[in-house]
Amino acid sequence: MAPSVEAAEAETNVMGAGNTQLEFRLGVVRDTATDTRVRVTPFLARLGITESVELRLSADGRVVAKSAGVTTKGWADANIGLRWQQRALDEKAGTAGVAWQFDVGVPTGTQAFSSDKVASSAKVAAEWAFANDMSLGVMPGLSRQHNGTGWYVAPSLAITLGKNWTPQLRTVAELVAPQLTSRSNGGNVATFNLGATYSLSDTFELEAVYLRGLTSNTPDHALVFGVNVKF
C-alpha cells in the first residue's frame, strides 16, 4: 500500500485557472505480519487549467523497503490525473459539490516497484457542507489493474468527514478502500485515516495523516507528513 494520501480523499475542490499547489510528503509504512518497513517520498502537483478543471501529477517518489533483513531501493511509478468540478459546493444553497477524477498510472518506476502495464481509474465525488463547519464527502470509483497474468476491474470507495476548527486548522476522519477485490488479485485494501492540515499562510500549509490498516492485505500502520505550497 502506498501512503500517498491527501488529508481529505473524498473532496470536490479544484485549484482554479492559473493556480498551482505542490505537495511534498514523507511516509513510513509498517507491516508487522510480514516484518516489512517501507519509506516513501510522495509528491503531488495540482495545476489549475480552467476554473473547473485541474491537472494532477503524482508519484510515491523514492522507495526504500526493508523486509526480513533485505533492503530494496528504487523509484515508484508516476500517475497523471484530471479532476473536473461539475458543480461547486454551495453551503448557503444547500447543494452538494460534485467532481469527477480520472487517473492513469504509468510504469515509469524501477523494476522492483513498477507495474507491468498502464493502470487507470475513474472516480466521482460528492461533498456536502453542514453546520458547525463540518463536511461529508463520498467518492466511489472503479480501477483497471493488471495482476501479471490478466486484467481485472476493482471498485474503490472513500468516505471523508471533515471539520474546520479555525480558519487555519482542519481535521478529517476517513475510511479509504482503494481496492476491493478477490484474494487472487491482491485482496481488499482498506484503511482508517486521521488527518490534519494547518495553514501557516495563504501559500504554505502543513499536513499529517495516520493510516490504520483494516484488512489482512493492508499494512498495519502508516504515518505521512507533508508540506503544501500554493502559488
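Structure's up top.
Now for a quick tour of the structure. (Residues numbered from 1 in each chain as written. Predicted model: local features only at pLDDT ≥ 70, side-chain atom pairs only at ≥ 80, totals over all residues. Heavy atoms only, no water.)

Side note on the pairing of strand β6 (residues 70-75)
Logical step 1: In this structure, strand β5 (residues 62-67) lies alongside β6, joined through 6 bridges in antiparallel fashion. Directly across from Val-63, in β6, lies its bridge partner Gly-74.
Logical step 2: Here β5 folds back onto β6, and the loop between the two strands holds 2 residues, one of which, Ala-68, carries a positive phi near 55°. (Pairing = 2+ DSSP bridges. Helix = DSSP H or I, 4+ residues; strand = E, 2+ residues; numbered from the N terminus.)

Details of the nonpolar core
Logical step 1: The biggest cluster of nonpolar side chains holds 10 residues, and these are Val-29, Val-38, Val-40, Val-63, Ala-65, Ala-76, Val-209, Leu-211, Ala-222 and Val-224.
Logical step 2: Among the secondary structure elements, those contributing two or more residues to this core are β2 (36-40), β5, β14 (204-213) and β15 (221-230).
Logical step 3: Contacts of Ala-76, omitting those with residues within four sequence positions, involve Asp-60, Gly-61, Val-63, Thr-108, Gly-109 and Phe-113.
Logical step 4: Of all hydrophobic cores here, the second largest spans 5 residues; its members include Ala-10, Ala-125, Met-139 and Ala-158. (Core = buried A, V, L, I, M, F, W, Y, C linked by side-chain atoms within 4.5 Å. Buried < 20%, exposed > 50% of the residue type's maximum accessible area, 1.4 Å probe, protein only. Contact = heavy atoms within 4.5 Å.)

What about the environment of Tyr-210?
Logical step 1: Structurally, Tyr-210 is set in strand β14.
Logical step 2: Sequence-wise, Tyr-210 and Asn-193 are 17 residues apart; in three dimensions their C-alpha atoms are separated by 5.5 Å.
Logical step 3: With residues up to four places along the chain from it excluded, the contact list for Tyr-210 reads Phe-192, Asn-193, Leu-194, His-221, Ala-222 and Leu-223.
Logical step 4: Here His-221 takes part through its side chain, which lies 2.7 Å from a polar atom of the side chain of Tyr-210. (Polar contact = N/O pair within 3.5 Å; in protein donor to acceptor, adjacent residues only side chain to side chain.)

Focus on the environment of Phe-113
Logical step 1: When you line up the elements, Phe-113 lands in the loop between β8 (97-106) and β9 (119-130).
Logical step 2: Separated by 49 residues in sequence, Phe-113 and Val-64 place their C-alpha atoms 9.9 Å apart.
Logical step 3: Apart from the residues lying within four places of it in its own chain, the contact partners of Phe-113 are Val-63, Ala-65, Thr-72, Lys-73, Gly-74, Trp-75, Ala-76 and Asp-77.

What about a positive patch on the surface?
Logical step 1: Judged by side-chain charge, Arg-30, Arg-37, Arg-39, Arg-62 and Lys-73 come together as a positively charged surface patch.
Logical step 2: Tracing the chain through its elements places Arg-30 in strand β1 (residues 20-31).
Logical step 3: Classification of Arg-30 by relative accessible area gives partly exposed; the value is 34%. (Patch = residues over 30% accessible without salt bridge, like charges linked within 9 Å, V, L, I, M, F, W, Y side chains within 5 Å. Areas by Shrake-Rupley, 256 points an atom, 1.4 Å probe, with all protein chains shown as cover. Salt bridge = Lys/Arg side-chain N within 4 Å of Asp/Glu carboxyl O. Lys, Arg positive; Asp, Glu negative; His and termini not counted. Charge placed at Lys NZ, Arg CZ, Asp CG, Glu CD.)

So, unusual backbone geometry
Logical step 1: Residues other than glycine seldom take positive phi values, yet Asp-35 does so here, at roughly 50°.
Logical step 2: Owing to a relative accessible area of 44%, Asp-35 belongs among the partly exposed residues under this scheme.
Logical step 3: One non-glycine residue, Asp-133, adopts positive backbone phi at about 60°.
Logical step 4: Note on placement: Asp-133 falls in the loop between β9 and β10 (134-146).

As for the pairing of β9
Logical step 1: As paired strands, β8 and β9 are joined by 9 bridges and run antiparallel to one another. Note on β9: the bridge partner recorded for Val-98 is Ala-126.
Logical step 2: Where β9 and β10 come together, 9 bridges link them in antiparallel fashion. Following the sheet pairing, Ser-121 is matched in β10 by Ser-143.
Logical step 3: Once β9 ends, the chain turns through 3 residues before running back antiparallel as β10, passing Asn-132 with a positive phi of about 60°.

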